[in-house]
Amino acid sequence: MRRDFTIQQIIIPIRFTFCFCLFTFALNLKYLAISMPQLTKIILTQFKNYSFSSFQFTERITGICGLNGKGKTNLLDAIHYLCFTKSYFSKSDSLNIQFDMDGFRLEGYFGTDKITCINRGANKKELFFNDVEYEKFSQHIGKFPCVMVAPDDIELITGGSEDRRKFIDTVLSQMNADYLQQLIQYNKVLQQRNSLLKRFAEQGKTDWALLDVLNDQLIQPGEYIYQKRKELTAQLIPLVQKFYHQIADNDETITLNYESQLNNTNFNDLLNQYKDKDLYLQRSNAGTHKDDISIELNGHVFKTSSSQGQRKSLLFALKLAEFELLKATKGYAPLLLLDDVFEKLDDKRMLNLLHWVCNENDGQVFITDTHRERLELAFVDLDSPYQIIAL
C-alpha cells in the first residue's frame, strides 16, 4: 500500500536530527577544550638529588617552596622530562642520574594515563605510555604540551641564533608531529654532509655525485622547515608584541623578523652558491640551520640597547606567546612550569602575569620560589584553589 508523506512529516525529523547532531558536536567541542589531563602524581627514583620521592598534585595551581639546593628546579625538570623525554637543563642524560647510581626512573600520572621513563645508564633509555613502550621517543612529543620559564632563558634574547631556533623548534614540534620528523631528518643529513665535507678535505678529492645526493636529501626537509617556521613566526610576532606592551606597560616599538637565507633564494641555488665555501671550511654554511629571529627596540638591536627589565619583559612575552599558540592549536592550555619567576619581575607585573596564566587560563601551573609566604600571598590574591609543597 502506497503512503504519502507531508513536507512537515519529512522536515521535522530532519530538523530534530540536525539539532541533536549539533548539540552533540558542541558537547564534543566542550570536552576537547578541557581534555588536557592534569598531572596528579609523579614518582622520582635516583633522579638528580632525589633518591626516591613521590608527590601528589591535588590542585590545578601548585607552589613549590624550599631553600636553594632542595630540589625545586629538579622537580620541575622531572615534569618537563615526562613531557619532552629529556631534561630542560642537561644535554646529557648522565647528568640527570643521581651521583654514584647507574640510572633513574620517572613515573607520572596524567589523569588516567601513565608515563614511565627508565634510564639504565650507558645511553639506554626506555619510554612507556600506559605500559606500552614507544618505538621512537619522538612519538611522545606533543601529547602533553608544556611551556617552561627558567632563569637562564634570558639567553633566548642575549645568546646566539641557536637558542632562538631551538625556541621555534620546540613550539612547532609540539604542534606538528610531521615538523619534528622533518627536523630530525634534516639534522641527520646535515651531519652526514658535514662529515663528507671533512672527508673530502682529508682525502684531497671530491665526490660530486655523492654530494649531490646529500644535497637533494637536505633540500626537501629544509624547505618544509623553512615554510613552517615562516608560518609560525607570522603568528608569533604579533602575539609577542602584544604581550610585551602589556608586561612592559609602555609604548616602546618592539620589532621582530624571521631571518633566513631562504627568504630570497631557493635552497638548491643556495647550496650551489656556498659550494666552494663549504669545501674550504669543511661544513655546511647554507640552510635553515642558519635561521634566526632578529629583535629591535625602537630601531636598535635589542640585546645591545635594552635594559635588564626590558629583556625580562621580552622573555615573558615570548613564553606567553608560545603558551597562547599551543593553546590555540591544541584546543586547551599547555602545562606551565615557572621556575624562580618572582626574582624576574616586580610585584605588580608578577601579579598581572599570575592573574593571566592562572585565572584567565585553565591549564595546570607549577611555580617555584624560595619563600613560602610570597607564594601564598600571590595565590591568595588570585582567589583560586592552590597547593603548596614544601621541600
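Residues numbered from 1 in each chain as written. Predicted model: local features only at pLDDT ≥ 70, side-chain atom pairs only at ≥ 80, totals over all residues. Heavy atoms only, no water.

Asks: Is there a simple way to think about the environment of T233 in this case?
Replies: In this fold, T233 is placed in helix α6 (residues 208-248). When the C-alpha atoms of T233 and G108 are compared, they prove to be 33 Å apart, with 125 residues separating the residues in sequence. (Helix = DSSP H or I, 4+ residues; strand = E, 2+ residues; numbered from the N terminus.)

Asks: Honestly, the nonpolar core in this entry has me stumped. Any pointers?
Replies: Nonpolar side chains tend toward joint burial in soluble globular proteins. Grouped together as the largest cluster of nonpolar side chains are 74 residues, with contacts concentrated most on L314, L354 and I367. Sort the elements by how many residues they give to this core and α6 lands first, with 15 residues. In this structure L314 touches I157, V240, Y244, I254, I295 and F302, once residues within four positions along its chain are discounted. Membership of the second largest hydrophobic core comes to 34 residues, among which are L39, Y50, I115 and F144. (Core = buried A, V, L, I, M, F, W, Y, C linked by side-chain atoms within 4.5 Å. Buried < 20%, exposed > 50% of the residue type's maximum accessible area, 1.4 Å probe, protein only. Contact = heavy atoms within 4.5 Å.)

Asks: Looking at this model, I keep getting lost on the sheet that holds strand β14 (residues 386-390). Mind explaining?
Replies: In any sheet, the strands associate via hydrogen bonds between backbone groups, in a parallel or an antiparallel arrangement. In spatial order, the strands read β8-β12-β13-β3-β14; together these five strands make up an open sheet with parallel pairing. Every interior strand has two partners, whereas the edge strands, β8 (146-149) and β14, have only one. Mean inter-strand twist for the sheet, computed between neighbouring axes without regard to direction, equals 15 degrees. Pairing geometry for β8 and strand β12 (residues 335-339), over four bridges, is parallel. Looking at β12, one finds that V149 is bridged to L338. On the sheet, helix α12 (residues 372-382) packs against β3 (61-65), β13 (365-369) and β14 and is oriented at approximately 175 degrees with respect to β14. (Pairing = 2+ DSSP bridges. Axes fitted to C-alpha atoms, helices over the stretch in contact; angles between N-to-C directions.)

Asks: I'm lost on the packing of helix α5 (residues 177-203) against α6 in this one. Help?
Replies: Two numbers describe a pair of packed helices, the interaxial angle and the distance between the axes. Relative to each other, α5 and α6 sit at 145 degrees, their axes nearing to 9 Å. Seen along the crossing, α5 lies across α6 with a hand that is left-handed. Partitioning the contact of α5 with α6 into residue classes produces 15 nonpolar, seven polar and four charged. (Left-handed = near helix turned anticlockwise from the far one by under 90°. Nonpolar A, V, L, I, M, F, W, Y, C, P; charged D, E, K, R; others polar.)

Asks: When you look at unusual backbone geometry in this model, what are you seeing that I'm missing?
Replies: A negative phi angle characterises most non-glycine residues, just as the trans form characterises most peptide bonds. For K48, which is not glycine, the phi dihedral falls at a positive 55 degrees. As for its position among the elements, K48 is in the loop between β1 (39-47) and β2 (50-56). Positive phi outside glycine occurs at D100, with the angle close to 70 degrees. Tracing the chain through its elements places D100 in the loop between α2 (72-84) and β4 (104-110).

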